[in-house]
Structure formats: structure tokens, C-alpha cells
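# Commentary on secondary and tertiary structure
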Amino acid sequence: MPEDRAAGVPAVTRGMLVLRWLALSALVIVVDLVTKSWIVGNLSYDDRVTLLPFFDLTLRYNEGIAFGFLVTASSENRWLLPSIAILAMLLITYWIYRDAHDKLHCMALALILGGAGGNAWERIDMGYVTDFFLFHWNGWHFPAFNVADAAITVGAALLILEEILRTRRARPRTPRPPHA
């Protein structure tokens, strides 16, 4: 195994890192599909189980994209949306391979990949996505979502954080004037 000459410890190969990131994606897919299966097996459509004053579990089916956007009566979404997701997943896998040593970047991409995979799997199998997390407050409801949606959202937030950090590191530092 190659060694990191500076530290004298075995260096992790790109392939091993890629496998770790893909394992994280697979874990997201498994947790997503298991939680969806549990919800479908334990709730009827639109039932609500209150867990906190602002948070319920419910059973909803989403034939559109994120949070119910682009719902159509036709069957085109059954194949169009998973096809787009699969193309995106291939591109994300390439980015993970290319940037395997960049931890924050690849963690974000792995979460997005896993979320896209969980939703694509179910959309191909069922023609829709099961949503069940429901946040609400004083009559306002955020659209129901699932583990895959949450992973995609956290991954996107990490990409934004990464860009903020990169921009700060790239910005030249100006000395602060001494306090008077």
C-alpha cells in the first residue's frame, strides 16, 4: 500500500475513498427505502401521527419532483424523472471519483447521490415517491418529504458551505488597523 511520505502512514487510494463515498450513498438509499417501507406498512394514506407539536409522520405519495412540484396527470414522470436522476447520479459519481480526496465536497455529493438513488429507485418501482416527514406551525405546513429529500438538502447545504469556505480562503487578507 502506498505511504504518505509526510506522515509515514499508509495513504488511502482514490479507489478506496470512492468506495467509502459510495458506501455512504448506499447507506442513505437503504435507510430511505427502509423508512418508506415502514411508513407504508404502518400508516394509511394521509394518516398523521404527532411526534412533536410541530412535527408529524404522515403518508403521502408524490408523483412530481421535490415537494410535489411538476405533478402531472400523465405517466411521463414515471420514466422522465428517474432518467434525469440516473444521468445526474452518473455525473455525481464521476465528480466523487475526480475529487475523492476532498472530504466535504464528496460527503455532500455522496448524500445527494444517495438521496437521488433512493427516490429514483422508488419512482421506477412504484411511479411515485413516498413522503412522510411533515413539519407544521399555526396552520402552515411545509410539504411532506422523506429521508432521500433530507439527504439531498443536507448535501446541497454542504456544497454551499464548501463554496463559502473556498471563497473565504481565496480572498486576500487585509490587515486590521490597531485598536486605538
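Residues numbered from 1 in each chain as written. Predicted model: local features only at pLDDT ≥ 70, side-chain atom pairs only at ≥ 80, totals over all residues. Heavy atoms only, no water.

## Overview of the environment of Ala 144
The condition that has to hold: Runs of H or I in DSSP of at least four residues are treated as helices and runs of E of at least two as strands, each being numbered from the N terminus.
For Ala 144, the position within the fold is in the loop between strand 6 (140–141) and helix 4 (147–170). Residues Ala 144 and Thr 58, spaced 86 residues apart in sequence, show a C-alpha to C-alpha distance of 7.8 Å.

## Overview of the nonpolar core
Keep this limit in mind: In these notes, a set of buried Ala, Val, Leu, Ile, Met, Phe, Trp, Tyr and Cys residues joined through side-chain atoms within 4.5 Å is what counts as a nonpolar core. Think of it in three bands: with a 1.4 Å probe and only protein chains considered, a residue is buried below 20% of the maximum accessible area for its type, exposed above 50%, and partly exposed in between. When checking whether two residues touch, look at their non-hydrogen atoms; a contact exists if any pair is within 4.5 Å.
Of all hydrophobic cores here, the largest spans 15 residues; its most connected members are Trp 21, Met 89, Ile 92, Ile 96 and Leu 113. Among the elements of the structure, helix 1 (14–42), helix 2 (76–98) and helix 3 (103–126) are those that each provide at least two residues to this core. In this structure Trp 21 touches Ile 96, Ala 100, Lys 103, Cys 106, Met 107 and Ala 110, once residues within four positions along its chain are discounted. Of all hydrophobic cores here, the second largest spans seven residues; its members include Phe 55, Leu 57, Leu 59 and Val 147.

## Thoughts on the pairing of strand 3 (residues 48–52)
We apply this condition: Two strands make a pair as long as DSSP finds a minimum of two bridges between them.
Sheet topology places strand 3 next to strand 4 (residues 55–62); four bridges connect them, and they run antiparallel. Of the residues in strand 4, the one forming a bridge with Val 49 is Leu 57. Hairpin connection of strand 3 to strand 4: two residues between the antiparallel strands.

## Here we look at the sheet that holds strand 4
Judged by pairing direction, the sheet is antiparallel, and its four strands sit side by side in the order 3-4-5-6 without closing on themselves. Looking at which strands have only one partner, the edges of the open sheet turn out to be strand 3 and strand 6.

## Concerning the environment of Leu 159
Secondary-structure assignment places Leu 159 in helix 4. Using a relative accessible area of 25% as the deciding quantity, one classes Leu 159 as partly exposed. Along the chain, Leu 159 and Leu 104 lie 55 residues apart, while their C-alpha atoms are 7.8 Å from each other.

## Regarding the pattern of salt bridges
Filter applied, for reference: One side-chain nitrogen of Lys or Arg within 4 Å of one carboxyl oxygen of Asp or Glu is enough to make a salt bridge.
Counted according to the given criterion, the structure contains six salt bridges. When the shortest N-O distance is used, the salt bridge between Lys 36 and Glu 122 registers 3.0 Å. In this pair, Lys 36 sits in helix 1 while Glu 122 sits in helix 3, placing the two residues 86 residues apart along the sequence. Where Asp 56 meets Arg 48, a salt bridge forms, and the shortest distance between an N and an O atom there is 2.6 Å. With relative accessibility at 2%, the residue Asp 56 sits in the buried group. Since its relative accessible area comes to 39%, Arg 48 is described here as partly exposed.

## What to know about the packing of helix 1 against helix 3
The line we're drawing: For helices, the fitted line uses only the C-alpha atoms of the stretch in contact; every axis is such a line through C-alpha atoms, and the angle between N-to-C directions lies from 0 to 180 degrees. We call a crossing left-handed when the near helix sits turned anticlockwise from the far one by less than a right angle, and right-handed when that turn is clockwise. Residues were grouped as follows: Ala, Val, Leu, Ile, Met, Phe, Trp, Tyr, Cys and Pro as nonpolar; Asp, Glu, Lys and Arg as charged; and all remaining residues, including Gly, as polar.
The N-to-C vectors of helix 1 and helix 3 enclose an angle of 35°; their axes lie 8 Å apart at closest approach. The interaxial crossing formed by helix 1 with helix 3 has right-handed handedness. For the contact of helix 1 with helix 3, the class distribution of residues is 12 nonpolar, six polar and four charged.

## Overview of helix 3
As a reminder, the rule being used: One fewer than the residue count of a helix, multiplied by 1.5 Å, yields its expected span.
Relative to the 34 Å expected for 24 residues at 1.5 Å per residue, helix 3 spans 34 Å between its end C-alpha atoms, a close match to the ideal helical length. A large share of helix 3 lies buried, amounting to 17 of its 24 residues. Directly after helix 3, the chain includes Gly 127, whose backbone phi takes a positive value near 90°.

## Some thoughts on a nonpolar patch on the surface
Note the following rule: A patch is a set of surface residues, each over 30% in relative accessible area and not in a salt bridge, joined within 9 Å for like charges and within 5 Å for the nonpolar side chains Val, Leu, Ile, Met, Phe, Trp and Tyr. All accessible-area figures derive from a Shrake-Rupley calculation using a 1.4 Å probe, and residue coverage is judged against the displayed protein chains alone.
Where nonpolar side chains cluster on the molecular surface, the patch consists of Val 49, Leu 51, Leu 52, Phe 54, Phe 135, Trp 137 and Trp 140 and spans about 680 Å² of accessible area. Residue assignment for the nonpolar patch shows that the elements contributing at least two residues are strand 3 and strand 5 (129–137). Broken down by element, the residue count for the nonpolar patch peaks at three residues, all from strand 3.

## Here's the deal with helix 1
For an α-helix, 3.6 residues make a turn, and residues three or four places apart therefore share a direction. The first and last C-alpha atoms of helix 1 sit 42 Å apart over 29 residues, in line with the 42 Å expected at 1.5 Å per residue. Among all positions of helix 1, only Leu 17, Val 18, Trp 21, Ser 25, Val 28, Ile 29, Asp 32, Lys 36 and Ile 39 are buried.

## Describing the confidence of the model for the chain
Our working rule: Every residue is assigned a pLDDT by the predictor, reflecting its confidence on a scale from 0 to 100.
Taken over all residues, the pLDDT of the chain has a mean of 87, while the share at 70 or more is 86%. Per-element confidence in the chain ranges from a low mean pLDDT of 49 for strand 1 (residues 3–4) to a high of 96 for helix 1.

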